[in-house]
Amino acid sequence: MTFVCCANYQAYFGDGTKLTVLDPKIKVSERNDINVTIIKPSKKELCKKTVTLVCVANNFYPDHVSITWTVGGKNRTDGVATDPHASQDKTSGTFSISSRLKVPKKEWKNAKNEFSCTFNFYNGKENLEIPNNNTVFGIGGSGYTREDYVKSSQVVKLSYGIVIAKSALYGLVIFVFVWRKGSHGK
């Protein structure tokens, strides 16, 4: 009996067994091929009670992967949502996947908290553990940067200047009104 299969065919057996037939045209990824990064919460999100960090891994093949999160060196499973399947790029054949960690804003605002995601990849020979390139730390204090303070002080200066200009214009109008009344009264 001859078994003919299309490239990159996957079959699942039960809850945990996955069979993948590799495409011989796509190179199996090495440790240095894979890119893993963390995207910090946006400034708009800092107004909410919880913030979301996103771990993105791309440029890997095959897709035998998992992502784990640690906060302060301890594994974190609460608030974690990882894509159920990796997405394949039709051009290169490599995969990408993302995982999100939702944490209370108070935890993110602690500058001592270290947030890290680790990408686990099985290349067919060995299980590679690839930490992200840039572990991120929480932000200290109120979450405002020096640039935020500069921008807000510029807005305050502009607002103060407008109030002064309006007051001067109002004073000029009153002065002209009183002067005209005074010159008509003689």
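Everything below is about the structure shown above.
Residues numbered from 1 in each chain as written. Predicted model: local features only at pLDDT ≥ 70, side-chain atom pairs only at ≥ 80, totals over all residues. Heavy atoms only, no water.

**Re the overall build of the chain**
Next up, step 1: Looking only at helices and strands, one finds 2 helices and 12 strands in the chain.
Next up, step 2: Counting from the amino terminus, helix and strand elements in the chain follow one another as β-β-β-β-β-β-β-β-β-α-β-β-β-α.
Next up, step 3: In the chain, which comprises 186 residues, the share counted as buried stands at 28%.
Next up, step 4: Of the roughly 13,200 Å² of accessible surface on the chain, a fraction of 58% belongs to carbon and sulfur atoms. (Helix = DSSP H or I, 4+ residues; strand = E, 2+ residues; numbered from the N terminus. Buried < 20%, exposed > 50% of the residue type's maximum accessible area, 1.4 Å probe, protein only. Areas by Shrake-Rupley, 256 points an atom, 1.4 Å probe, with all protein chains shown as cover.)

**Quick word on the nonpolar core**
Next up, step 1: With 27 residues, the main nonpolar core has Val36, Leu53, Phe60, Trp69, Trp108, Phe115 and Phe119 as its most contacted residues.
Next up, step 2: Listed by contribution, the elements that provide at least two residues to this core are β3 (35–39), β4 (50–60), β5 (65–71), β9 (95–104), β10 (114–122) and β11 (127–131).
Next up, step 3: Ranked by the residues each element gives to this core, the list is headed by β4, at 5 residues.
Next up, step 4: For Trp108, the residues in contact, after removing those within four places along its chain, are Lys40, Pro41, Leu46, Val51, Leu53, Val103, Phe115, Val136, Phe137, Gly138 and Ile139. (Core = buried A, V, L, I, M, F, W, Y, C linked by side-chain atoms within 4.5 Å. Contact = heavy atoms within 4.5 Å.)

**Overview of the packing of aromatic side chains**
Next up, step 1: For the structure on display, the rule yields 6 aromatic pairs.
Next up, step 2: Relative to Phe115, the ring of Trp108 has its centre 5.3 Å away and its plane inclined at 50°; by these criteria the two rings are tilted. In terms of burial, Trp108 and Phe115 fall into one category: buried.
Next up, step 3: An aromatic cluster is defined as three or more aromatic residues linked by ring pairs; in this entry it consists of Phe60, Tyr61, Phe95, Phe119 and Phe121. (Phe/Tyr/Trp six-rings, centres within 6.5 Å; stacked < 30°, edge-to-face > 60°.)

**What to know about the pairing of β9**
Next up, step 1: Pairing geometry for β4 and β9, over 10 bridges, is antiparallel. Following the sheet pairing, Asn58 is matched in β9 by Ser96.
Next up, step 2: Examined bridge by bridge, strand β7 (residues 80–82) and β9 share 3 bridges and lie antiparallel to one another. The residue bridging Thr82 from the neighbouring strand is Ser99, located in β9.
Next up, step 3: Here 2 bridges tie strand β8 (residues 87–88) to β9, and the two strands are oriented antiparallel to one another. (Pairing = 2+ DSSP bridges.)

**Brief notes about the pairing of β5**
Next up, step 1: Relative to β10, β5 runs antiparallel, the two being bridged by 7 bridges. Its bridge partner being in β10, Ser66 is matched across the sheet by Asn120.
Next up, step 2: Across 3 bridges, β5 lies against strand β6 (residues 74–76) in antiparallel orientation. Among the inter-strand pairings, Thr70 is bridged to a residue of β6, identified as Asn75.
Next up, step 3: In sequence, β5 turns back onto β6 through a hairpin of 2 residues, with Gly72 there showing a positive phi of about 65°.

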